[in-house]
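Breakdown of the fold
Below are the chains, spelled out letter by letter.
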Amino acid sequence: MVRLNEIRAGEVAVAPPEAQDAGLVFIGRIHTPWTDRLGCPRQGRLDGPTCRIEVFPPWREALDGVALYERLEVLYWLDRSRRDLVRQSPADDGTTRGTFSLRSPVRPNPIGTSIVRLIGVEDGVVQVRGLDCLDGTPLLDIKPDRTLFTPLAPPQAGDAETGAA
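What follows concerns the packing of aromatic side chains. Where two aromatic rings form a pair, the distance of their centres and the angle of their planes describe that pair. Tallied over the entire structure, the rule returns one aromatic pair. Here Y69 and F149 contribute two aromatic rings whose centre-to-centre distance is 6.1 Å and whose plane-to-plane angle is 40°, an arrangement assigned as tilted. Linking Y69 in the loop between β3 (50-55) and β4 (71-77) with F149 in the segment after β9 (137-144), this pair joins segments that are 80 residues apart in sequence. With a relative accessible area of 18%, Y69 lands in the buried category.

Have a look at this one:
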């Protein structure tokens with residue numbers, strides 16, 4: 001992972017294409033103890049510090065039912081990450097790997113995701129453990145952990161498909 005904005009030996013940066021609006025909206029803000037990349041954990045821990053996810057109005061009503069789940073998946077926009085590296089040297093030893101084979105925050109679309117342990121929900125604030133992002137990170141979405149979720153809608157044809165396509 002690029003710790004600040006350096007290019008390490010063997011890393012490759014590209015000129016990214018001009019951004020096109022995907023229509024994303026930030027639905028909240030994440031509050032963590034970490035204010036700089038050098039102090040932020042590389043991976044969240046379910047026994048890590050309690051963090052607060054502030055959900056903005058009018059999205060707060062969407063939190064109804066979240067408390068039914070022990071774990072949630074939180075998606076967030078890594079707004080302070082660079083976006084131009086296609087090869088990275090995580091160990092800073094000249095050996096590189098493609099960005100898509102890493103969980104580095106440096107990505108073309110810097111979307112972060114963490115599976116977190118739910119502590120509680122109150123007044124539009126979700127308290128969790130397991131995040132790995134900087135204080136003030138914009139929130140994109142919250143979902144139940146897929147390993148705990150059973151679809152509530154009636155089954156559809158593709159649900160039972162198995163094997164090769």
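Now that the structure has been shown, we can carry on.
Strand order around the closed barrel formed by six strands is β2-β3-β8-β7-β4-β9, with antiparallel pairing between neighbours. Along the sheet, successive strands turn relative to each other by an average axial angle of 45°, direction set aside. Two elements, β4 and β9, share five bridges in a ladder whose sense is antiparallel. For L72, the partnering residue across the bridge sits in β9 and is P144.

Moving on to the side chain of R71. Note on placement: R71 falls in strand β4. We classify R71 as buried; its relative accessible area is 18%. A polar contact of 2.8 Å, which involves the side chain of R71, links it to the side chain of D145. Dropping the residues within four chain positions of it, R71 is found in contact with L46, I115, V116, R117, P144, D145, T147 and L148.

For the rest of this paragraph, the subject is the sheet that holds strand β5 (residues 85-88). The three strands lie next to each other as β1-β5-β6, forming an open sheet whose pairing is antiparallel. Each having just a single partner strand, β1 (12-13) and β6 (97-98) make up the two edges of the open sheet. Where β1 meets β5, two bridges bridge the pair, whose relative direction is antiparallel. Its bridge partner lying in β5, V12 is registered against R87.

Calculation notes
- Residues numbered from 1 in each chain as written.
- Predicted model: local features only at pLDDT ≥ 70, side-chain atom pairs only at ≥ 80, totals over all residues.
- Heavy atoms only, no water.
- Phe/Tyr/Trp six-rings, centres within 6.5 Å; stacked < 30°, edge-to-face > 60°.
- Helix = DSSP H or I, 4+ residues; strand = E, 2+ residues; numbered from the N terminus.
- Buried < 20%, exposed > 50% of the residue type's maximum accessible area, 1.4 Å probe, protein only.
- Pairing = 2+ DSSP bridges.
- Axes fitted to C-alpha atoms, helices over the stretch in contact; angles between N-to-C directions.
- Polar contact = N/O pair within 3.5 Å; in protein donor to acceptor, adjacent residues only side chain to side chain.
- Contact = heavy atoms within 4.5 Å.

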